[in-house]
Structure formats: C-alpha cells, structure tokens
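Coordinate analysis (summary)
This is what each chain is made of:
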Amino acid sequence: MSSQPTPSERPCRLEPLGTDADTLCRDLLRYLELGLGQDAGQASPLAVYTALGLTLRDRLAQNWKHTSELRRQQGGKRAFYLSLEFLLGRALGNTLLNLGLEEETREALHRQRRDLPELLDVEPDAGLGNGGLGRLAACFLDSCATLALPVTGYGIRYAYGMFRQEIHAGEQREEPDHWLKHGYPWELKRPERVRRVQFGGRSESYRDGQGREHRRWVDTRDVLAVPYDIPIPGYRNGIVNTLRLWRAAATDIFDLGEFNAGAYPEAVAAKNEAEHISMVLYPNDSSENGKELRLRQQYFLASASLQDVLADWTAERGEDFRDFAERHSFQLNDTHPSVAVAELMRLLLDEHGLGWDEAWSITSRTMAYTNHTLLPEALEKWPVRLFGHLLPRVLEIIYEINARFLRQVAQRAPGDTALLQRLSLIEEGPEPMIRMAHLAVVGSFSVNGVAALHTQLLKEELFRDFYRLWPERFNNKTNGVTPRRWLLWANPELSQLISQRIGEGWREDLAQLSALAPAADDPQFRAHWAEVRRNNKARLAALVRAQTGVELIPEAIFDVQVKRIHEYKRQLLNALHVIHLYDRIKRGEASQITPRNVLFAGKAAPGYFMAKRIIKFINNVAAAINDDPDTEGLLRVCFLPDYRVSVMERICAATDLSEQISTAGKEASGTGNMKFMMNGALTIGTLDGANIEIREAVGPENFFLFGLRAEEVARLRPQYDPRQAVAADEDLERVMDLIQSGYFNPFEPGIFDPILHALLAPQDPWMVLADFSSYKHRQSDVAALWHDQTEWQRQSVLNTAASGRFSSDRSIAEYNRDIWNLQPLVASVPGLV
Ligand SMILES: *Cc1c(COP(=O)(O)O)cnc(C)c1O
C-alpha cells in the first residue's frame, strides 16, 4: 500500500494570501467582477473601493484568526471596552497603513488605471459617535491592538450614525447619515452568535428542585442581538482585535397569533419596534435622560455583550466561575453602559445560579468605570418608574445593591442620613431617579477621570463622598490619541521629515519625538518644517474653497476651533475676538493687523437651541466680514460644514493656532488639543483639561495661556458681573455695541438677542466676558509671534517634540498597568503582514 494519501484523503488547506501588487490586483478584479458583478473598466469608484475593502478584509481575516488562536493558546486575562459610541472614521487608509500595504495597493490600482486618493474619498465615515468620547474609544482600540493586548470592543451597529450637517442661510440642517447604504466591506456578520435580550414583563419568585427560592423574569418581549465584527488591526504587528457591534432584530418576523387573526401590519410593526433599538445614534454630546429608547440601547448593549462573554466562559469552564474575575475586566466608557453592573449580577444570579455574595464579588472585581464629564446635565439619571417598566428584574437588583451599600455606609457613619441621601443610588423626589454614575462607582473596582485636573475635581467635588469612602478606587488616566491616524496618516510629509531626522521608532513609541527638540534650532530643518506645513495649508484651503467658496489667505495664520458646538467650549469667545479684529480694521488699524484665517467647524445637538444659534451667529459674522472689501488679505472667517473624523485629518495637519478656550474646570480632557499639538500647532488655551498637561510638557514659554483658573471660576462666579467686564474694556464695549446694533443681522432683527442675553447674564455659567480681555491680549501675542517666523516655527517643532505623552499608546499602557493587568499576546508565527 502506498503511504501517499489518495486525492480524496488529501487535506485541503488554506494557503496564506499574497500581499504583492500582482496578487492584490487579481483579488481586487475577482471581487469586482465576480463578487460584485461589475465590469472593471466601467465600475464606479465606490464599487472599486468596495472590492478593495473585501480584498484587504481577507488579509485582515488571516491575522484575525491567528490572533484568536494566540489568545486561546495563551489563555490569559481579557478586557472588554463597552461603549455606546465608536467614532471610527474611515477604514481604508488606516488598514493600508497598519498592514503596511500602501505601496503595493497603489501599484495594484495603478495597473487598473485607478487612483488611491479617489477611492479613499468615497468611503463614508463610520460616524457611530458624537465627538471626543466616541473618538477616544476608536483611538483606544487602535492602541490596544498595537500593544497586542487582548481587548475587545463592544458597541451598537447604528443604521444611522451622527447626522450629516448642512448649512443653509447660516443655519444647521440635519440630514440622516445612512452610512450602510452601500454596504460596509470591513465587517463580518456572526449569525451563529446571536443573543436574546429581554424587556418588559415582570419578576416572580419560584422554588428550585431543592426548595431554594430564586427570582425569574417572565412574560418579556425579547429582542435579538445580532453581532457584526469589525477587524481592528495593530500597527504592523500581525494582531487584529475585534470590535463587535450589535444590531437589534425581531425574534420572529410574524407574531403568529396576530398573523392568523389577519393583523398582518400589526405583526410586522412588532419587527420594526425591535429594530428601532439600533436604528439611530443619539446626537447629543451630553445626555438623553428620560428617553426610553436610549435606555433600551444601553441595556441592549450591556446585556448582549455580557451574555456573549459568559457564553465563551461556560463553553470552556462550565458553571465554575471561581476564576472569572481574575480573567476579565469590563471598562465602562462613561455611565452609558453602566447598567452592566446590575446586568452582570442578574446573569450570575438568575441564569447561572450563583449566590449574591459570590456574584457581587465577581461583579465588583471586573467592572471599571471611566467618567467623562462633570457637567450636571450630563450625569445620567433614569426615572425609577420607566426603569421598572422596562427592566423590572434589573430594578430589583439595583434596589438590593443600594440597600446593602447603604447599610455599609450607615455602619461607617451612624446617623448621617444626609450622607446616605447623597450617596444613594436612588435620588428621592416626586419622580424618584436612578443615579447611574453612583451605580457605576459602587459596582467598580476602578474609577478614573481623563486628565489630571478632571480627576482632581472628581475627587474634590462630584464624587467627594465616594472618594472619602474608597480613595484607593480613584485614579487618573489622561486621554491620548493614536499617532498612526493623527500624525502618520494625517500628515505624511511631516512624518517623513520627522523620520529622516530621528528614525521611525516614534510610530510605536511616541516619546521618542523628544529627540526632535534639537532640530527646532536647525534653520534648514525649520525651513523644511515650514514648507510642509504650508503645503498642508494649501490643501486645506482648497477643501474649504470647494466646500464653502471662501478663499483663505494662504500666508496668514490658520487659527482653528473645531469641536462640538457647546457653550462651555466658548466658540462665542472666539467669535467676539474675530469681531474685535474686524472692528480694528474698520477703525483704520488695518496696517497693524496680522492676517488671519479663522476657521470654525462642529455640530450642534439638534435640540440645543443656543448651540444652533451660535452656528448662525458665526456664519453671519463670517459673511459680513468676508463680504467687506476692507478685510481683503487681512481677515477671513469660515464655518466649514459637517465636521467629522476624515475632515479633522485634513484640518489638524494645517493648523497654526489651536483654540482650546473652554471655561476652566468644564472640559474633562479634550483630545482635539492633542491632535493639533502633535502636528505642530501652537495652542491658545485656558488651564483646563489636558491643556494643563500640554503646557507642562511643552513649557509655558511655548503656550499661549489666558483666562481664569478653575478655582477662580468657582470663587468668582457668585459675584460675576459681565457688565463690569464690558465697562472695563473699551474694545469689548465696541464689540458688544456692534452686535447690539444689528450689524450682523440687518434683515433678521433680534435673532442674536438670546446670545447677548446669555453673555450679559450675571448667571452666565461659562463666564465668557470675564475672560475676553485676557484672551484678546494673548491673541495679540500670537500675532506678534507670527511676525517672527523663526521663533514660531521653532515653537511649532517643540510642540510636536513634546507631544509624546499624548499618544493613546501611553494611555492604554497605563490602563493596562493599573486596571486590567493583561499580558500582551506574543506572535508565534513569523511572516504575518
Ligand atoms: C478629536 C475629535 C473630537 C474631540 O475634539 P475636542 O476638541 O477634544 O472636543 C470631536 N470630533 C471629532 C471628529 C474629532 O476628531
């Protein structure tokens, strides 16, 4: 007998996919012609992009599979990042960058007479987030994969992401963002891992075979959670982690009873109701208290994700949960997913039969909570009535957690009922509310803020009583951003210049940028630096021209404030300064004006009246200024519509001056500030959030500081008198008079009265006018420095050189060191892409 297997016995194996231009070219053609049924010669850029996405997804999937195998072999602890938002932006460029396949792909496309930039531009942003919090989650996933940490993201696959913003007659109009319209080539549906999430019904008790009493949740209306996995590649390390997004689906398309009774439309309506859960992202940067659908989304995410993790555990270990806490961490991105604390208790108690103490020990050793804001309107609360109606069994568990917690507090501080009231998970009142932040703190072993000042204020103010109880729980993790997307990808020319000087190690170890500092004194290097930045500015100017028709002044300062529109971020302060510059031009000081382009962008929550009026105000001011021939060559003001990740990639590489001017104590961290610094912008800012750490890193001499400090804001607010601030500054007085005169709204009488009232109200919580003089003076220092281009470019280089600690790699290394304690995966197979 022959030892050779017969053809029918020969194992069929998957060969590694090629990554040379030739193979990529052929796979691309195959997807285009056979997968999508297109004629390669006639196919639209969108079709070619889709085929390229599928071609690259295959390469990602190889590493993906390998990463899961590694994780199983090494069998260590895992962490899970739970977030209602992941603001991913575009995937194509990031995939090429992280896999190192950009050159081969350009070549493959070239052979088909296609151009990469055109394809990059047809990809819609995956806008599953509002702003900083969602983008942080995306940067964190990139860093976890790059550090080879076994971290999985869990979120919701909204059919509609952040709305598209259009500007009509100066006002924001919201258009739905149907980002999945043409399919999403990067995701993989996992129908075999569907979970069932319960809503409604009631809780009842029953006895098991041994006569023990248990609770169960019955008569529920269930919704299916269908997972879609998005690959998250690390930077050139062969690791691909997973972002698992849940889509809601009806359990059965037809309710048989209703169907048989002839109520066909009613039966189909039930399907719609279920699928509503993952229909749309709430477009509010702070919160949506009281919205039933929002609570459904939160519970849907928490329950599906925890069930998913527990299913993996029991598949391997059965019902033995002794090691579970040592092997799992759940990081809660703000209070949005914090119902996970009670849901993990429910699953362990009701579904897995654990006793309370064991379940609580597991829960409170696996949950970790990141707080993102001190703003009172953003502190989530749910009416007990609504909660009990939607999640009756979960409410029981919250009551029990609260009862046990308050007993513990009462033992420590006997008789202090005020303390009990302050700490309780339930806020009493005519409409009792559940305080989700309290649930998160009580149920977590770690509570962190996102910048040093923010964490300090959490300890001293928002969570003061909790901090006294459990000081060891509190820690700071200053935010960061991924340098791959925000420097390497967004600014390739500057990256090349940096690498020529200090090598390429900074890509994975951003602290190495400090080696760039001596180059700040090298005239030739500075000249190159300035030239790259000029090129970036020309590209941004072209984008602004195409989008708005505004012609920016190429050689002038690019002064940029892009972020969500919110009163605390004080776009109004910037606008007042713009009006002041205009006023100076009109008063004959044109010769003393340093030319500037002032660029604004950002979305307002659709229900936030004042934010929308601020957009209108900026647009009217811009129109008046740009239309006045006296401003020619001196001042251009522009509101760029539809701010999003892909637009920020262009903007941050082209910014000279980064505006970070929030009222001190209100911005938890900020991350836009970090993207700008990395790309060599100078910052004008208050001592708020991570600005403080940015200033420390770069040195106070390289940062334009102004305004009240957080403790001054708190101290002076009770006696704040905005009219006094106006009276004390003639320039401000003229600015206010100009607005009051209707100069910016001649055909729309009174529309800016709400803005004037807010600025002039002694109750103005943002104290805009209090900081005007200080801001104006620092802005004139900015203008003076611009005339000394040697010194400006020197400080620009120093900003990039000092930006190393604002890499999200550093943030994640700290989360891992202090909170998760995961072992990095060690690649066992060489030759991965
Ligand atoms: C970075 C980023 C933010 C956060 O900006 P902040 O200035 O920190 O508020 C918001 N939106 C997008 C699209 C971003 O890229």
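Residues numbered from 1 in each chain as written. Predicted model: local features only at pLDDT ≥ 70, side-chain atom pairs only at ≥ 80, totals over all residues. Heavy atoms only, no water.

1. A short note on the pairing of strand E1 (residues 78-82)
Counting buried positions along E1 yields five of five residues, so the element is predominantly enclosed. Of the two faces of E1, the one lined by Arg-78, Phe-80 and Leu-82 and the one lined by Ala-79 and Tyr-81 are each fully buried. Bridge count for E1 against strand E13 (residues 328-333) is five bridges, and the pairing is parallel. Its bridge partner lying in E13, Arg-78 is registered against His-328. Bridge analysis of E1 against strand E4 (residues 151-156) gives four bridges, and the strand direction is parallel. Residue Phe-80 lies in a different strand from E4, and its bridge partner there is Thr-152. (Buried < 20%, exposed > 50% of the residue type's maximum accessible area, 1.4 Å probe, protein only. Helix = DSSP H or I, 4+ residues; strand = E, 2+ residues; numbered from the N terminus. Pairing = 2+ DSSP bridges.)

2. Description of the nonpolar core
Within the largest apolar cluster, 266 residues are counted, with the highest numbers of intra-cluster contacts made by Leu-92, Phe-300, Phe-387, Ile-651 and Leu-769. Those residues in contact with Phe-387 that sit more than four places away from it in its chain are Leu-295, Val-339, Trp-382, Pro-392, Val-394, Leu-395, Ile-398 and Ile-434. (Core = buried A, V, L, I, M, F, W, Y, C linked by side-chain atoms within 4.5 Å. Contact = heavy atoms within 4.5 Å.)

3. Description of empty space enclosed by the protein
Counting across every chain of the model gives two cavities of 30 Å³ or more. Reported here for the largest cavity is a volume of approximately 240 Å³. Looking at the largest cavity, it is lined by 20 residues, and the ones nearest its centre are Leu-88, Asn-94, Pro-231, Ile-232 and Arg-485. The volume enclosed by the second largest cavity comes to roughly 50 Å³. Forming the walls of the second largest cavity are Lys-563, Lys-569, Gln-660, Ile-661, Ser-662, Glu-667, Ser-669, Gly-670, Asn-673, Asp-688 and Asn-691. Residues belonging to the lining of the second largest cavity are distributed by class as follows: one nonpolar, six polar and four charged. (1 Å grid on protein atoms, 1.4 Å probe; cavity = no way out; pocket = protein on both sides within 12 Å on 5 of 7 lines; lining within 4 Å. Points joined across faces, edges and corners; volume = space filled by probe spheres on them. Nonpolar A, V, L, I, M, F, W, Y, C, P; charged D, E, K, R; others polar.)

4. Description of the UniProt feature "modified residue: N6-(pyridoxal phosphate)lysine" (unreviewed entry) in the protein
The positions UniProt marks with the feature "modified residue: N6-(pyridoxal phosphate)lysine" (unreviewed entry) are Lys-675. Its place among the elements puts Lys-675 in helix H25 (residues 672-678). (UniProt positions renumbered as here; feature names shortened; annotations may be inferred.)

5. What to know about the sheet that holds strand E16 (residues 426-427)
The strands making up a sheet are joined through hydrogen bonds of the backbone, oriented either antiparallel or parallel. The three strands are arranged E15-E17-E16 in an open sheet whose pairing can be described as antiparallel. Looking at which strands have only one partner, the edges of the open sheet turn out to be strand E15 (381-383) and E16. In terms of strand pairing, E16 meets strand E17 (residues 433-435) through two bridges, oriented antiparallel. Looking at E17, one finds that Ile-426 is bridged to Ile-434. Sheet strands in contact with helix H16 (residues 436-443) are E15 and E17, and its direction is about 40 degrees off that of E17. (Axes fitted to C-alpha atoms, helices over the stretch in contact; angles between N-to-C directions.)

6. Structural notes on unusual backbone geometry
Of note in this structure, Arg-113 is not a glycine but carries a positive phi near 55 degrees. When you line up the elements, Arg-113 lands in the loop between helix H4 (102-111) and helix H5 (116-122). You will see that Ala-148, though not glycine, has its phi angle at about 60 degrees, which is positive. Here Ala-148 shows up in the loop between helix H6 (132-146) and E4.

7. Section: the packing of helix H20 (residues 492-502) against helix H21 (residues 523-548)
Where H20 meets H21, the axes come as close as 9 Å, and the angle between the chain directions of the two elements is 165 degrees. Comparing their axes, H21 and H20 come out roughly antiparallel. Read as a crossing pair, H20 and H21 show a hand that is left-handed. Together, Glu-493, Leu-494, Leu-497, Ile-498 and Arg-501 of H20 and Phe-525, His-528, Trp-529, Val-532, Arg-533, Asn-535 and Arg-539 of H21 make up the contact between the two elements. A per-class count over the contact of H20 with H21 returns six nonpolar, two polar and four charged. (Parallel < 35°, antiparallel > 145°, perpendicular 65-115°, else oblique. Left-handed = near helix turned anticlockwise from the far one by under 90°.)

8. Topic: the site of the ligand
Of all residues adjacent to the ligand, which total 14 residues, the nearest are Lys-563, Lys-569, Thr-671, Gly-672 and Lys-675. A distance of 2.7 Å is found between an oxygen atom of the ligand and a side-chain nitrogen or oxygen belonging to Lys-569. Contacts to the ligand include Thr-671, whose backbone N or O atom sits 2.8 Å from an oxygen atom. Put simply, the parts of the chain that give the shell around the ligand at least two residues each are helix H24 (645-652) and H25. Within the shell around the ligand, the residues separate by chemical class into five nonpolar, five polar and four charged. (Near = heavy atom within 4 Å. Polar contact = N/O pair within 3.5 Å; in protein donor to acceptor, adjacent residues only side chain to side chain.)

9. Examining H21
Across its 26 residues, H21 extends 36 Å between first and last C-alpha, which sits within 8% of the 38 Å expected from 1.5 Å per residue. When we look at burial in H21, the residues that qualify are Phe-525, Arg-526, Trp-529, Ala-530, Val-532, Arg-533, Asn-536, Lys-537, Leu-540, Ala-541, Leu-543 and Val-544. The distance from a side-chain oxygen at the start of H21 to the backbone nitrogen of Gln-524 is 2.9 Å, and the residue carrying that oxygen is Asp-522. At the exit of H21 stands Gly-549, carrying a positive phi of roughly 80 degrees. (Expected span 1.5 Å × (residues − 1).)

10. Remarks on the packing of aromatic side chains
Per the counting criterion, the structure on display carries 27 aromatic pairs. Centroid distance Tyr-81 to Phe-86: 6.5 Å. Interplanar angle 65 degrees. Geometry classified as edge-to-face. Ring centres of Tyr-154 and Trp-246 lie 6.1 Å apart, and the angle between their planes is 5 degrees; on these two criteria the pair is classed as stacked. Placement of Tyr-154 in strand E4 and of Trp-246 in strand E12 (residues 240-250) is noted, with a sequence separation of 92 residues between them. Trp-246 shares its class with Tyr-154; the two are buried. Three or more aromatic residues joined by ring pairs form one cluster here, namely Tyr-369, Phe-405, Phe-463, Phe-466, Tyr-467, Trp-470 and Phe-474. The ring of Phe-163 carries Lys-603 above its face, with NZ or CZ at 5.7 Å from the centroid. (Phe/Tyr/Trp six-rings, centres within 6.5 Å; stacked < 30°, edge-to-face > 60°. Lys NZ or Arg CZ within 6 Å of the ring centre and 35° of its normal.)

11. A word on the sheet that holds strand E20 (residues 557-562)
Read from one edge to the other, the open sheet built from six strands follows the order E22-E21-E20-E23-E24-E25, with strand pairing classed as parallel. The sheet is open, and its two edges are formed by strand E22 (635-639) and strand E25 (704-705), each paired on a single side. Sheet topology note: the strand E24 (residues 682-685)/E25 ladder contains two bridges and is parallel. Counterpart to Ile-684 in the pairing with E25 is Phe-704.

12. A look at the side chain of Ser-364
Turning to its location among the elements, Ser-364 is positioned in helix H12 (residues 356-366). Engagement of the side chain of Ser-364 in a polar contact is seen with the backbone oxygen of Trp-360, the distance being 2.7 Å.

13. Some points on the packing of helix H23 (residues 609-627) against helix H30 (residues 753-760)
For the pair H23 and H30, interaxial distance at closest approach is 10 Å and the crossing angle is 110 degrees. Classified by the angle their axes make, H23 and H30 are roughly perpendicular. The crossing of H23 and H30 is left-handed. Contacts between H23 and H30 pair Phe-609, Met-610, Arg-613, Ile-614 and Phe-617 from the former with Pro-754, Ile-755 and Ala-758 from the latter.

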